[in-house]
Amino acid sequence: MTRFSPLEWPVLRQLRSGDVFGRGPAVESARTRALEPRTKTADRVVQSVCPFCAVGCGQKVYVKDEKVIQIEGDPDSPISRGRLCPKGSSSEQLVNNPLRQTKIRYRAPYATEWQDLDRDTAIDMIADRFIEARRHGWQDYDEHGRPLRRTMGIASLGGATLDNEENYLIKKLFTAAGAIQIENQARI
């Protein structure tokens, strides 16, 4: 540790450097001058879009050694102009959280343990249950003989993290399947 010198007092530094109002380098400590931005060591910068809501704020993702080290707002984005909300600012934690699930986990009814599934098995299970619920809840006609052609066995609640195209395709899928309970988190 360096020995403290009275010549390093901020007021004396102001007078010596000509920074009379103390708004420039005279008020910086040695520690502050030694600081570097976290993004300086990044190998590359990738433009992206925030995954949290349907606004679509632009992000700059700083990558070093194929690992995300920082995410900031993109000043070139016409939507957010470099700003991010608190959720968007926490995107780096979403990517690098050590507790993030990267495998498909399944717990069978009444089971006490989770098991890992491969993607194809999980998709087949979901599709089988979707078709069975549709078949079980299907209504062709009401009590007066009027055609319904709907199912009360499935419903959809979309998330606000989906973009417009994904929500459009989900709406088309569930409508084609006969579901009438189709909602989105952004509207609720």
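For the protein chain, an unreviewed UniProt entry supplies the name Dehydrogenase and the organism Tsukamurella asaccharolytica. A UniProt comment under Cofactor (unreviewed entry) is attached to the protein chain, and it reads "[4Fe-4S] cluster". Regarding the protein chain, the relevant UniProt record gives this comment under Subcellular location (unreviewed entry): "Cell envelope".

## Description of the pairing of strand S7 (residues 147-158)
Pairing analysis gives three bridges linking strand S6 (residues 138-141) to S7, with the strands arranged antiparallel. The residue bridging Trp 138 from the neighbouring strand is Thr 151, located in S7.

## Focus on a nonpolar patch on the surface
There is a patch of nonpolar side chains on the surface, built from Leu 7, Trp 9, Val 11, Leu 12 and Leu 15 and spanning about 520 Å² of accessible area. Inspection of the secondary structure puts Leu 15 in helix H1 (residues 10-17).

## Notes on the state of the cysteines
A complete count under the given rule lists zero disulfides for this structure. Take Cys 85: it sits in no disulfide, and the sulfur closest to it among the cysteines is that of Cys 50, at 5.8 Å. Assessed through its relative accessible area of 38%, Cys 85 is described here as partly exposed.

## Focus: the sheet that holds strand S3 (residues 67-73)
Read across the open sheet, the three strands follow the order S1-S2-S3; overall the sheet is antiparallel. Unpaired on one side and paired on the other, strand S1 (44-49) and S3 mark the two borders of the sheet. Shown here is a sheet whose adjacent strand axes are inclined to one another by a mean of 30°, direction ignored. Summarising the sheet, strand S2 (residues 58-64) and S3 pair through six bridges and their orientation is antiparallel.

Calculation notes
- Residues numbered from 1 in each chain as written.
- Predicted model: local features only at pLDDT ≥ 70, side-chain atom pairs only at ≥ 80, totals over all residues.
- Heavy atoms only, no water.
- UniProt positions renumbered as here; feature names shortened; annotations may be inferred.
- Pairing = 2+ DSSP bridges.
- Helix = DSSP H or I, 4+ residues; strand = E, 2+ residues; numbered from the N terminus.
- Patch = residues over 30% accessible without salt bridge, like charges linked within 9 Å, V, L, I, M, F, W, Y side chains within 5 Å.
- Areas by Shrake-Rupley, 256 points an atom, 1.4 Å probe, with all protein chains shown as cover.
- Salt bridge = Lys/Arg side-chain N within 4 Å of Asp/Glu carboxyl O.
- Disulfide = S-S within 2.5 Å.
- Buried < 20%, exposed > 50% of the residue type's maximum accessible area, 1.4 Å probe, protein only.
- Axes fitted to C-alpha atoms, helices over the stretch in contact; angles between N-to-C directions.

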